[in-house]
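Listed here are the chains, written in short residue letters.
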Amino acid sequence: MSELRQHAEDVHAQFSDHVDVDVADVRERLETLVVDYKVPTDEARRSVINHYLEEAGIEREELAGGSSEAVSIEEIDEPERWVELTAKLIELWEPRSDSIDQVGLLGDPTGTIKFTKWAKSDLPRLEEGGVYRLRNVVTDEYQGRYSVKLNRTTVIEELEEDLEVGDDTSVIEGAMVDMQRGSGLIKRCPHEGCTYVLQNGRCPEHGEVEGEFDLRIKAVVDDGIDAHEVIFDAEATEGLTGLGLEEAKEMAMDALDTTVVADEISDRVLGSYYRIEGPTFGRYVLADDVEELAGPADSESLLIKARSI
Ligand SMILES: [Zn+2]
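Sequence positions are assigned chain by chain, starting from 1 and proceeding in written order. Residue-level local features of this predicted model are given only where pLDDT is at least 70; pairs of side-chain atoms are given and counted only at 80 or more, and the full residue set underlies all totals for whole chains, interfaces and linings. For the side-chain quantities, the full set of heavy atoms in the structure was used; hydrogens and water were omitted.

1. Points about the coordination of the zinc ion
Stated precisely, the cut-off is as follows: Here the coordinating atoms are restricted to nitrogen, oxygen and sulfur within 2.8 Å of the metal centre, or 3.2 Å for Na, K and Ca, and because water is not among them the sites may look incomplete. Any site counts as irregular unless it has four donors with all angles between 85 and 135 degrees, making it tetrahedral, or four or six donors with opposite ones more than 155 degrees apart and the rest between 65 and 115, making it square planar or octahedral. Any residue under 20% of the maximum accessible area for its type is buried, any over 50% is exposed, and the rest in between are partly exposed; the area is computed with a 1.4 Å probe on protein chains only.
Coordination of the zinc ion by the protein comes from Cys 189 (SG), Cys 194 (SG), Cys 203 (SG) and His 206 (ND1), over a distance range of 2.1 to 2.3 Å. Given 4 donor atoms and angles of 104 to 115° at the metal, the environment of the zinc ion is assigned as tetrahedral. If you list the donors of the zinc ion from N- to C-terminus, the spacing comes out as C-x4-C-x8-C-x2-H. Residue classification places Cys 189 among the buried positions, given a relative accessible area of 3%.

2. Brief notes about the nonpolar core
Which entries qualify depends on this criterion: Working definition of a nonpolar core: buried Ala, Val, Leu, Ile, Met, Phe, Trp, Tyr and Cys residues. They are joined through side-chain atoms within 4.5 Å. Secondary structure elements are defined from DSSP: runs of H or I of at least 4 residues count as helices, runs of E of at least 2 residues count as strands, and each element is numbered from the N terminus. The criterion used for residue contact is that any of the two residues' heavy atoms lie within 4.5 Å.
Met 176, Val 230, Phe 232, Val 261 and Ile 265 are the most contacted members of the largest nonpolar core, which totals 23 residues. Elements supplying a minimum of two residues to this core: β7 (169-179), β11 (212-222), β12 (227-232), α5 (234-241), α6 (245-255), α7 (259-269) and β13 (273-281). In contact with Ile 265, other than residues within four places in its own chain, are Met 179, Gly 184, Leu 215, Ile 217, Thr 237, Thr 241 and Leu 243. Ile 73, Leu 85, Leu 123 and Val 148 belong to the second largest nonpolar core, which has 17 residues in total.

3. Thoughts on unusual backbone geometry
For residues other than glycine, phi is negative in most cases, and the peptide bonds are mostly trans. One non-glycine residue with positive phi stands out, namely Lys 38, at about 55°. For Lys 38, the location among the structural elements is in the loop between α2 (23-36) and α3 (41-56). Note on Lys 38: relative accessible area 66%, which makes it exposed. Of note in this structure, Asn 200 is not a glycine but carries a positive phi near 50°. One can find Asn 200 in the loop between β8 (184-188) and β9 (202-203).

4. Some remarks on α2
In plain terms, the rule: Multiplying one less than the number of residues by 1.5 Å gives the expected span of a helix.
Its 14 residues give α2 an end-to-end C-alpha distance of 19 Å, which sits within 8% of 20 Å, the value for a rise of 1.5 Å per residue. Among the residues of α2, Val 26, Leu 30 and Val 34 are the ones counted as buried. Looking one or two residues past α2, Lys 38 carries a phi angle of roughly 55°, positive in sign.

5. As for the environment of Arg 275
What counts is decided by this rule: Polar contacts here mean pairs of N or O atoms no more than 3.5 Å apart (in protein, one a potential hydrogen donor and the other a potential acceptor; neighbouring residues in sequence count only if both atoms are side-chain atoms).
Relative to the elements of secondary structure, Arg 275 occurs in strand β13. Residue Arg 275 is classed as partly exposed on the basis of its relative accessible area, which comes to 24%. Excluding residues within four positions of it along the chain, Arg 275 makes contact with Val 171, Ile 172, Glu 173, Asp 289, Val 290, Glu 291 and Leu 293. Here the side chain of Arg 275 touches Glu 277 through a polar contact of 3.2 Å, side chain to side chain.

Printed below as a string of structure tokens:
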């Protein structure tokens with residue numbers, strides 16, 4: 001039974017910081033399972049660990065906590081590492097689930113990364129534009145993209161200094177050559193935290209719903225070398241076209257047709273030249289900062305810029 005004692009000591013060591021438990025209690029639970037119920041040792045150990053996790057109300061991942069290494073965002077290249085980040089909160093997104101308190105984008109001079117803060121983490125709210133030192137965050141990976149998760153053991157320290165955010169902000173200078181489907185006056189699912197655009201009045205998650213109007217442009221901008229897909233939200237669309245959501249709704253009502261809005265927008269913007277700056281999400285650039293240009297930058301300077309990237 002010395003094997004069980006060793007297991008008991010291991011389990012105890014994992015929990016002693018989190019739960020008031022003694023080795024004898026751990027060992028007794030293991031013995032009951034292994035000796036009385038003939039449960040294989042590994043399974044018994046898992047079961048006992050789960051029991052204490054539940055009792056302590058903590059996640060398995062939190063157990064690994066403790067010392068976390070300070071890294072920059074671009075250094076994050078594997079999941080389930082405990083790290084410390086100093087980052088600026090660039091943007092908050094709508095959480096898709098009640099289990100998430102906050103979700104959004106963090107940035108540091110080397111890049112940006114998604115973060116998730118669990119509702120039960122009981123951490124203070126982070127504000128857009130705030131710079132934070134985040135200790136004990138856990139890296140995660142989904143389809144090749146990394147993120148970090150803030151949990152109950154995460155320590156958040158707000159810093160006074162500003163932080164430059166680098167890298168995957170894109171700057172595009174070029175002509176708006178096309179507008180994609182789903183541009184203009186669209187309807188979104190009204191469910192809290194759901195931002196799906198309705199297709200024929202249906203949300204992929206919530207079925208048939210009474211949608212809420214929104215305005216956006218999914219544009220193709222050609223810089224002479226590449227075509228870039230750029231999304232303008234309602235605010236950016238109004239800044240670009242002078243057409244706001246209310247006016248767009250009136251236009252659509254007068255015409256009894258929402259497509260007039262997209263037509264009007266394309267009349268105003270297609271063929272014009274812009275300098276667009278914003279963060280990259282997958283294949284899209286979100287237009288944060290837009291400036292209309294007089295005309296195409298000369299091709300030579302474009303080429304020089306392209307080579308320098
Ligand atoms: Zn929905």
